[in-house]
Amino acid sequence: MQEARYPLTLYWLLLALVFAVPARAQGNDGLINRIEALQAGYPVSVLESRLYAKEALTRFYEARGYTLAWEDPSNRRELLEAIRAVAGDGLNPGDYHYDTLAALALKDLNDSAEELQTDLDLVLSDAFLLLASHLHHGKVNPTTIHAEWTANRQQREMQSVLAEALASGTVYTTLQDLKPRSAAYHQLVQRRKTLGELISADWPAIVSGPSIRPGDTDNRIPDIRRRLALLGDLSGDSPEASNHQHYDDALATAIPLFQARHGLEPDGIVGRDTLTALNLLPLERIYRLDANLERWRWLPESLGETYVVVNIAGFELVLVESGEQVHRQRVIVGRPYRQTPVFSDRIRYLVFNPTWTVPRKLMIEDQLPIIRSDPEYLERLGFKVFRGWGANQSEVDPAEIDWTELSKNNFPYQLIQQPGPQNALGQVKFMFPNQYDIYLHDTPAQSLFSRLERTLSSGCIRLERPFELAERLLANTNGWNKKRIEQTLATAEPATVVLSEPVPVYLQYWTTWIDPAGVLQFRNDVYDRDRRLLQALRADSEGGQSLTPRADNRPTARTD
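Being a predicted model, the structure only gives us computed values, none of them experimental.

Asker: Requested: an account of the overall build of the protein chain, with residues and values cited.
Answerer: Across its full length, the protein chain holds 18 helices and 19 strands. The 560 residues of the protein chain split such that 49% are buried. Summing over all exposed atoms, the protein chain offers an accessible surface of approximately 27500 Å²; the carbon and sulfur share of this is 50%.

Asker: Explain the pattern of salt bridges to me, using residue names and the numbers behind them.
Answerer: Two side chains with opposite charge may pair up if their charged atoms get near one another. Across all of its chains, the model carries 26 salt bridges by this definition. The residue Arg225 makes a salt bridge to Asp248 at a minimum N-O spacing of 3.2 Å. Linking Arg225 in helix α10 (residues 221–230) with Asp248 in the loop between α10 and α11 (249–260), this pair joins segments that are 23 residues apart in sequence. Look at Arg225 and you get buried, because its relative accessible area is 0%. Note on Asp248: relative accessible area 21%, which makes it partly exposed. Arg288 serves as the salt-bridge partner of Asp530, at 3.8 Å between the closest nitrogen and oxygen. Remark: Arg288 occurs in helix α13 (residues 282–298) and Asp530 occurs in helix α18 (residues 529–538); sequence separation between them is 242 residues. The buried category is assigned to Asp530, whose relative accessible area is 3%. The structure contains a network of salt bridges with shared partners spanning Arg330, Glu464, Arg465 and Glu468.

Asker: A description of the side chain of Asn434 should follow, citing residues and the corresponding values.
Answerer: Looking at where Asn434 falls in the secondary structure, it is placed in the loop between β13 (428–431) and β14 (440–441). Within the structure, the side chain of Asn434 is placed 2.9 Å from the backbone nitrogen of Tyr436, a separation counted as a polar contact.

Asker: Can you break down unusual backbone geometry residue by residue, with the values?
Answerer: At Glu48, a position not held by glycine, the phi torsion is positive, near 65°. If you trace the backbone, Glu48 turns up in the loop between β1 (45–46) and β2 (49–50).

Asker: Which residues make up the side chain of Arg76, and what are the values?
Answerer: Here Arg76 shows up in helix α4 (residues 73–85). Here the side chain of Arg76 touches Trp70 through a polar contact of 2.7 Å, landing on its backbone oxygen.

Asker: So what about the confidence of the model for the protein chain? Which residues, and what values?
Answerer: Considering every residue of the protein chain, the mean pLDDT works out to 88; 89% of them sit at 70 or more. Segment residues 1–6: pLDDT under 50, and 0 contacts once partners within four positions in sequence are set aside and those in other chains are kept. Counting interchain partners and residues more than four positions distant, the pLDDT-below-50 stretch residues 544–560 has 72 contacts.

Asker: Give a description of the packing of aromatic side chains that names residues and reports values.
Answerer: Counted under the stated rule, the structure contains 13 aromatic pairs. Here Trp403 and Tyr413 contribute two aromatic rings whose centre-to-centre distance is 6.3 Å and whose plane-to-plane angle is 50°, an arrangement assigned as tilted. Taken together, the positions of Trp403 in the loop between β11 (394–396) and β12 (413–417) and Tyr413 in strand β12 put the pair 10 residues apart, joining distant regions of the chain. There is no split in this pair, since Trp403 and Tyr413 are both buried. Between Phe411 and Tyr413, the aromatic rings sit 6.3 Å apart at their centres with planes inclined by 80°, giving edge-to-face as the arrangement. Taking the relative accessible area as the measure of exposure, Phe411 reaches 4% and is therefore buried. Members of the aromatic cluster, joined through ring pairs, are Phe343, Phe432 and Tyr436. Residue placement shows Arg484 over the ring face of Trp480; its charged tip is 4.1 Å from the ring centre. Sitting over the ring of Tyr287, Arg538 keeps its end group 3.8 Å from the ring centre.

Asker: So what about the environment of Gln422? Which residues, and what values?
Answerer: Mapped onto the fold, Gln422 is located in the loop between β12 and β13. Leaving out residues up to four positions away in the same chain, Gln422 has contacts with Arg380, Leu381, Gln417 and Pro444.

Asker: I'd like a rundown of the sheet that holds β11, residues and numbers included.
Answerer: One open sheet accounts for 4 strands, arranged β9-β12-β10-β11; its pairing is antiparallel. Two strands close off the open sheet at either side, each with one partner strand: β9 (356–357) and β11. In the sheet, strand β10 (residues 383–387) pairs with β12 via 5 bridges, with the strands oriented antiparallel. Among the inter-strand pairings, Val385 is bridged to a residue of β12, identified as Leu415. Along the sheet, helix α14 (residues 360–373) makes contact with β9, β10 and β12, crossing β12 at roughly 75°.

Asker: How would you sum up the nonpolar core? Please name residues and give values.
Answerer: Formed by 60 residues in total, the largest nonpolar core has its most connected members in Val308, Ile347, Phe352, Trp403, Phe430 and Leu440. Leaving out residues up to four positions away in the same chain, Trp403 has contacts with Leu368, Ile371, Arg372, Leu378, Val385, Pro398, Phe411 and Leu415. If you look at the next biggest cluster of nonpolar residues, it comprises 59 residues, including Ala82, Leu91, Ala127 and Leu537.

Asker: Describe the pairing of β10, with residues and values.
Answerer: Pairing of β10 with β11, which is carried by 3 bridges, proceeds in the antiparallel orientation. By the bridge assignment, Arg387 is partnered in β11 with Ser394. Where β10 folds back on β11, the antiparallel hairpin that results is connected by 6 residues, among which Gly388 adopts a positive phi of roughly 85°.

Asker: Would you mind going over the packing of α10 against α11 in detail, with residue names and values included?
Answerer: Put simply, α10 and α11 touch, their axes get as near as 11 Å, and they point 60° apart. When the axes of α10 and α11 are compared, the pair comes out oblique. In this structure, α10 meets α11 at a crossing whose hand is left-handed. Taking contact as the criterion, the partners of Ile221, Ile224, Arg225 and Leu228 in α10 are, on α11, Leu251, Ala254, Ile255 and Phe258.

Asker: Before we move on, could you go through the environment of Asn423 and cite the residues and values that matter?
Answerer: The residue Asn423 is located in the loop between β12 and β13 in this model. The class of Asn423 is buried, set by a relative accessible area of 1%. Along the chain, Asn423 and Asp442 lie 19 residues apart, while their C-alpha atoms are 9.2 Å from each other. A distance of 3.2 Å separates a polar side-chain atom of Asn423 from the backbone oxygen of Pro354. From its side chain, Asn423 meets the backbone nitrogen of Leu425 in a polar contact 2.7 Å long.

Asker: Describe the packing of helix α16 (residues 466–473) against helix α17 (residues 482–491), with residues and values.
Answerer: Where α16 contacts α17, the axes come no closer than 10 Å and their chain directions differ by 125°. Our classification of the angle between α16 and α17 gives oblique. α17 is crossed by α16, and the crossing has right-handed handedness. Packed against α16, whose contacting residues are Phe467, Ala470 and Glu471, the element α17 presents Lys482, Ile485 and Leu489 at the interface. Of the residues belonging to the contact of α16 with α17, the class tally is 4 nonpolar, no polar and 2 charged.

The rules behind each value
- Residues numbered from 1 in each chain as written.
- Predicted model: local features only at pLDDT ≥ 70, side-chain atom pairs only at ≥ 80, totals over all residues.
- Heavy atoms only, no water.
- Helix = DSSP H or I, 4+ residues; strand = E, 2+ residues; numbered from the N terminus.
- Buried < 20%, exposed > 50% of the residue type's maximum accessible area, 1.4 Å probe, protein only.
- Areas by Shrake-Rupley, 256 points an atom, 1.4 Å probe, with all protein chains shown as cover.
- Salt bridge = Lys/Arg side-chain N within 4 Å of Asp/Glu carboxyl O.
- Polar contact = N/O pair within 3.5 Å; in protein donor to acceptor, adjacent residues only side chain to side chain.
- pLDDT = per-residue confidence, 0-100.
- Contact = heavy atoms within 4.5 Å.
- Phe/Tyr/Trp six-rings, centres within 6.5 Å; stacked < 30°, edge-to-face > 60°.
- Lys NZ or Arg CZ within 6 Å of the ring centre and 35° of its normal.
- Pairing = 2+ DSSP bridges.
- Axes fitted to C-alpha atoms, helices over the stretch in contact; angles between N-to-C directions.
- Core = buried A, V, L, I, M, F, W, Y, C linked by side-chain atoms within 4.5 Å.
- Parallel < 35°, antiparallel > 145°, perpendicular 65-115°, else oblique.
- Left-handed = near helix turned anticlockwise from the far one by under 90°.
- Nonpolar A, V, L, I, M, F, W, Y, C, P; charged D, E, K, R; others polar.

Put into structure tokens, the structure is as follows:
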């Protein structure tokens, strides 16, 4: 019986192979061979361009039976135009095979060799898929700060986007529509274009020297005046006035405006920091914009109707409702060695009159030295000391502890600060549980908000006016209003309030942006993140550096 069944099995196997061969043969053999090489993990280069979007290319050509896709020259023309245009978004056209395509994409290839048509088709598809991916969610992977060449980091089916664009003849508009829809992104693109017009302008360094005050006369003032006029901070200056060396009323108005939009004290005094900002080259400003355009591409397509944004580099929180900024306040963020991470989550509940359980690292590095030098510190600030954790936790009299004997490897205690005016978290905290133990909270150290640069916390975000934010976030939570908040605070007892609907919160790091008045703002790169992001953004597809100037819903920490 077994001998009779074996030939029958072989028959069906051969029959399946016979039917499979014609199906494969219907497609373009060159496409099939190259896609199979990609699937096998081999590096595939065609027309001196390496193909990178392996999975998306495979799915795209499999879905169309391995037939050529770019036979219509208008589609090729639109792709080339779209690639050329991305320089304005801070991306490098060379990353998307621009030179190769510029030489071939617009030619009539109907009479060309089949191999050339095949190779060009693959390069065109690879270029579209990479560009679509980078426009939609960024070239640089925010979790690693490395350039991405797979076009597969997020779940959008880019091969389907390509197929639809080719079928409808909308290659250019399809790619444009993949960019962030936020007006803030497109405003930055427009300002980038304006700054690009200044690259060829005479931009001599304004030399350092004594501070210049209103009423002073200084030979650097003509250069300062011209610089402010080029940057749009000084208008209506006559050619005669531009050579005056006197600090007049026009400068007394323009310089504070310039200082304010660069995060400097708007005192009108031209000192070292103001000169540094004035000497920033147009190309350096463009690079700043490029880094922040990439950060916008990392964000979701929609931030929601109501959401909170914290700009770490700008030391500011903004609440948006129905697309309008309805609340702003100053914040304090992490020190450079305890940086506030960039990520997104949802504010789910508030805690009034919170206790503060000191994280172990802070107990050892921050609290222990203070306790040793100030025996009254714990009692004065309302701390209790506990041995053990959970059900086995027991309170210990701090006077019975020999604090000099404790160390990183010998610290069996917990410090818990009780509710009160001295509590490090103030009287309210806004919770969005995350793996970094980061949240928004009140602070008793209100005087620190007067500082311009506020990298002063251990990573969490301190709020200047937390109860205004609390009242707005609780507006849709039944029974909660300003009066009830005040009554709850008066009890001095911890109280948790769950929001009726969680509110998205985005911790971002923007060193340049357009404010509601349409003013281009610049801030110091306090965490030195722009440089690292730009280095990754300029990396070419071979892993090196591009020589052509560029003309955080799971929470994800980033050092972008």
